[in-house]
Amino acid sequence: MARILITGSADGLGRLAASELIDQGHDVVLHARNEARAADAMAALPGAEAALTGDLASIAQTRDLARQANESGRFDVVIHNAAVGYQEPRIETVDGLEHVFAVNALAPYLLTALIDRPDRLIYLSSGMHESGDVVLDDLQWVRRRWRGAQAYSDSKLHDVILAFAVARLWPDVLSNAVDPGWVPTKMGGRGAPGDLGQAHLTQVWLATAASTPTGGYYYHLRPHRTHPAASDPEVQAAFLDACASLTGVTLPGHS
């Protein structure tokens, strides 16, 4: 049985994945942005081992979440599930960063760099990543006119770039990205057409299967096309450099 951390598992797809993994007998550690939501998550999933806390919109709290994770013991799998959606206004975090980028892209980078290296990493992306742009000189949407859907698409492209970069730099880790589909969660909206019952199963498979590939992007258990920039080592390196500059933390193995 595996020990698994799932970010953003107080509700939505993170909670669904956690529930399935707990039912399979795995040791699952939840994550919520504050103590109240962590308590609610533990009440909803009493079979979970624990719930860690940290607001991923804050670099300091994200760093502290990594500390909590490491102090709790090594994880076999980390599922980077937490995200904010595509209808967000442009607001700045406590660090002065655009919050969709900060939560969806920078936080997974920082947690990947700081949490003791697991055997498997899974990053939740979106089919909208195919419309994403690589604009590394305006990650904070200072120059561009704000478009929430585009900011979300960009951030989900960043997640695939990160997953593929880690797969290349850490050959001993199985690192993959997932499109769960547009499903009727709080973020997806009630009118989303996708099958909610299928949306978490690919993450569960990648976390638990006896043998899985690395450096892939999956939709409903099958490989799926990705934005071509995600596989470009130069784009990957530039993205990692940008994240390192913002956080002061370099991904191990990247120079």
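Just so we're clear, the structure is a prediction, and the values are computed from it rather than from any experiment. (Residues numbered from 1 in each chain as written. Predicted model: local features only at pLDDT ≥ 70, side-chain atom pairs only at ≥ 80, totals over all residues. Heavy atoms only, no water.)

Caption draft 1: Summary view of the packing of helix α4 (residues 99-114) against helix α7 (residues 233-247). It is at 10 Å that the axes of α4 and α7 come closest, and there the two elements cross at 95 degrees. Looking at the two axes, α4 sits roughly perpendicular to α7. Residues Phe101, Ala105, Leu106, Tyr109 and Leu110 of α4 form the contact with α7, whose own contacting residues are Phe239, Leu240, Cys243, Ala244, Leu246 and Thr247. Here the contact of α4 with α7 is composed, by residue class, of 10 nonpolar, one polar and no charged. (Axes fitted to C-alpha atoms, helices over the stretch in contact; angles between N-to-C directions. Helix = DSSP H or I, 4+ residues; strand = E, 2+ residues; numbered from the N terminus. Parallel < 35°, antiparallel > 145°, perpendicular 65-115°, else oblique. Contact = heavy atoms within 4.5 Å. Nonpolar A, V, L, I, M, F, W, Y, C, P; charged D, E, K, R; others polar.)

Caption draft 2: Region of interest: the pairing of strand β2 (residues 27-32). Burial runs high along β2: five of the six residues are buried. Both strand β1 (residues 3-6) and β2 contribute to a ladder of three bridges, which runs parallel. Bridge pairing links Ile4 to Val28 in β2. By the bridge criterion, four bridges tie β2 to strand β3 (residues 50-53) in an arrangement that is parallel. Along β3, the bridge assignment pairs His31 with Leu52. One crossover worth recording links β2 to the parallel β3 by way of helix α2 (residues 35-44), and it is right-handed. (Buried < 20%, exposed > 50% of the residue type's maximum accessible area, 1.4 Å probe, protein only. Pairing = 2+ DSSP bridges. Right-handed = clockwise from strand over helix to strand, strands pointing away.)

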